[in-house]
Amino acid sequence: MSKDALTNQVRRCRFEAGELTQQGLAERVGVTRQTIIAIEQGNYTPSLTLALKIARTFGKSVEEVFWLEG
Amino acid sequence: MNRLRKKAIQDFIAVCVFMLIAFPFFVQFVSNNTQGIEYALIIIIAGVPTGMIACLWEFNKFKQLDERERLLYQQANYWAQGVFVFYLSGFALVVFFLIGGKGMVPVWLLPMMVISGLFVAQTALSFFLFRQSLKEEGDE
């Protein structure tokens, strides 16, 4: 069985969205800043709902923000 | 202070308050050798509404957590359940071998085992959450 790791470019998307802060993103998607930090660092895999909310915040599809690597 | 640490501290204070209230009552009941179904009914009548209010309060707090915090809380609960079972097993075995298989086990040991087990389990839960909150602070 392959060990697929979920990778994301949330940090890059925040940067592209005019330096949106972690707190700002957290408030928009309804989680804590610690959750955004954990997602960015790859320590937490978000639910599909949260992944969709984050992608929608940046006006992107979920595959553009999150993808499997490996 | 992040929400997980706040929850860990609040839960630990709650169980300490519970112990401070429950333990003197328990000691009093044992020293008086309390008997009779009416005492059990008093405890049930007072305890069930209090327990329900505590559950509702706890459920309301749980709903305020986000999905990652809920997951961590569930993991902490999982560990606390393990600690509870381990503690009860250890307690029961120690009592069994100290008193002997055919010896008379004092009845007060049974509620004592449960009350102290709850305290140990809640301490384990709070410790797990507290450790997690410290780790999060380090990641920031």
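Residues numbered from 1 in each chain as written. Chains lettered and ligands numbered in written order. Predicted model: local features only at pLDDT ≥ 70, side-chain atom pairs only at ≥ 80, totals over all residues. Heavy atoms only, no water.

### So, the overall build of chain A
This is how the line gets drawn: Strands here are runs of E lasting at least two residues and helices are runs of H or I lasting at least four, both read from the DSSP assignment and numbered beginning at the N terminus. The globule rule used here is 2.2 Å times the number of residues to the 0.38 power, and the radius of gyration it is set against is calculated over C-alpha atoms. For every residue, the accessible area (1.4 Å probe, protein chains only) is compared with the maximum for its type, and the residue is labelled buried under 20%, exposed over 50%, or partly exposed between those bounds. Throughout, a residue-residue contact means that at least one pair of heavy atoms, one from each residue, lies within 4.5 Å. Throughout, the Shrake-Rupley method with a 1.4 Å probe supplies accessible areas, and for residues the shown protein chains are the sole cover considered. We score Asp and Glu as negative and Lys and Arg as positive, and we do not count His or the chain ends. Positions of charges follow a simple convention, taking NZ of Lys, CZ of Arg, CG of Asp or CD of Glu.
On a plain count of helices and strands, chain A comes out with five helices and two strands. Mapped from its N terminus to its C terminus, chain A presents α and β elements in the order β-α-α-α-α-α-β. Computed over the C-alpha atoms, the radius of gyration of chain A is 12 Å, within 12% of the 11 Å expected from 2.2 N^0.38 for a compact globule of 70 residues. In terms of overall dimensions, chain A has C-alpha extents of about 40 × 20 × 20 Å along its principal axes. Taking all 70 residues of chain A together, the buried fraction comes to 40%. Sequence-distant contacts, at least 24 apart, represent 59% of the contacts inside chain A between residues at least 6 apart. In the form shown here, chain A has an accessible surface area of approximately 4,300 Å², with 50% of it arising from carbon and sulfur atoms. Charge-centre separation for chain A: the mean point of 9 positive side chains lies 5 Å from the mean point of 8 negative side chains.

### Details of unusual backbone geometry
Even without a glycine there, the phi angle at Glu 19 of chain A is positive, about 55 degrees. Look at Glu 19 of chain A and you get exposed, because its relative accessible area is 54%. At Asn 33 of chain B, a residue that is not glycine, the phi angle is positive and equals roughly 50 degrees. Inspection of the secondary structure puts Asn 33 of chain B in the loop between α1 (3–31) and α2 (37–64). Taking relative accessible area as the criterion, Asn 33 of chain B reaches 56% and is therefore assigned exposed.

### Regarding the interface of chain A and chain B
Keep this limit in mind: Summed over both partners, buried area is the accessible surface (1.4 Å probe) that two parts give up on being assembled. Basic side-chain nitrogens of Lys or Arg form a salt bridge, by our definition, when they fall within 4 Å of a carboxyl oxygen of Asp or Glu. Distance and chemistry together define a polar contact, namely a pair of N or O atoms within 3.5 Å, with one atom able to donate a hydrogen and the other to accept it when in protein, and with adjacent residues in sequence counting only for side-chain atoms on both sides. Under the grouping applied here, Gly and all other residues not named as nonpolar or charged are polar, the nonpolar ones being Ala, Val, Leu, Ile, Met, Phe, Trp, Tyr, Cys and Pro and the charged ones Asp, Glu, Lys and Arg.
On the side of chain B, 10 residues touch chain A, which itself brings 14 residues to the contact. Summing both partners gives a buried area of about 930 Å² for chain A against chain B, and 49% of it is carried by carbon and sulfur. By the criterion of area lost to chain B, the three top residues of chain A are Thr 32, Gln 34 and Tyr 44 of chain A, representing 51% of everything that side buries. Counting the contacts that link chain A with chain B gives zero salt bridges. Taken together, chain A and chain B are joined by five residue pairs in polar contact (both at pLDDT 80 or more). Residue composition of the side of chain A that touches chain B, grouped by class: six nonpolar, seven polar and one charged.

### Considering the packing of aromatic side chains
Residues and elements named next belong to chain B. Going by this rule: Working definition: rings of Phe, Tyr and Trp (its six-membered ring) pair if their centres are within 6.5 Å, and the pair is stacked with planes under 30 degrees apart, edge-to-face with planes over 60 apart, and tilted otherwise.
Applying the stated criterion across every chain, the model contains seven aromatic pairs over all chains. Ring centres of Phe 62 and Tyr 73 lie 5.7 Å apart, and the angle between their planes is 55 degrees; on these two criteria the pair is classed as tilted. Of this pair, Phe 62 sits in helix α2 while Tyr 73 sits in helix α3 (residues 67–99), and the two are 11 residues apart along the sequence. Overall, Tyr 73 belongs to the buried group, its relative accessible area being 9%.

### Overview of the confidence of the model for chain B
Basically, it comes down to this: pLDDT expresses, on a scale from 0 to 100, how confident the predictor is about each individual residue.
The predicted model of chain B averages 90 in pLDDT, with 100% of residues at 70 or higher. Two numbers describe this predicted complex: its pTM, 0.83, and its ipTM, 0.85.

### Here we look at the pattern of salt bridges
Applying the stated criterion across every chain, the model contains nine salt bridges over all chains. Of the charged contacts, one joins Arg 11 of chain A and Glu 40 of chain A as a salt bridge, the two residues approaching to 3.3 Å between their closest N and O atoms. Taken together, the residues Arg 11 of chain A in helix α1 (residues 10–16) and Glu 40 of chain A in helix α3 (residues 33–40) connect sequence positions 29 residues apart. Taking relative accessible area as the criterion, Arg 11 of chain A reaches 49% and is therefore assigned partly exposed. Accessibility expressed as a relative area gives 14% for Glu 40 of chain A, which makes it buried. Residue Asp 11 of chain B pairs with Lys 7 of chain B through a salt bridge whose shortest N-O separation is 3.3 Å. In this pair, Asp 11 of chain B and Lys 7 of chain B are both assigned in helix α1, four residues apart and thus about one turn of the helix distant. A relative accessible area of 6% means that Asp 11 of chain B is categorised as buried.

### Considerations on the state of the cysteines
Residues and elements named next belong to chain B. Going by this rule: Cysteine sulfurs are considered disulfide-paired once they come within 2.5 Å of each other.
Applying the stated rule across the entire model yields zero disulfides over all chains. Residue Cys 55 stays outside any disulfide, its sulfur separated by 19 Å from that of Cys 16, the closest cysteine. Among the residues examined, Cys 55 registers a relative accessible area of 54% and is labelled exposed.

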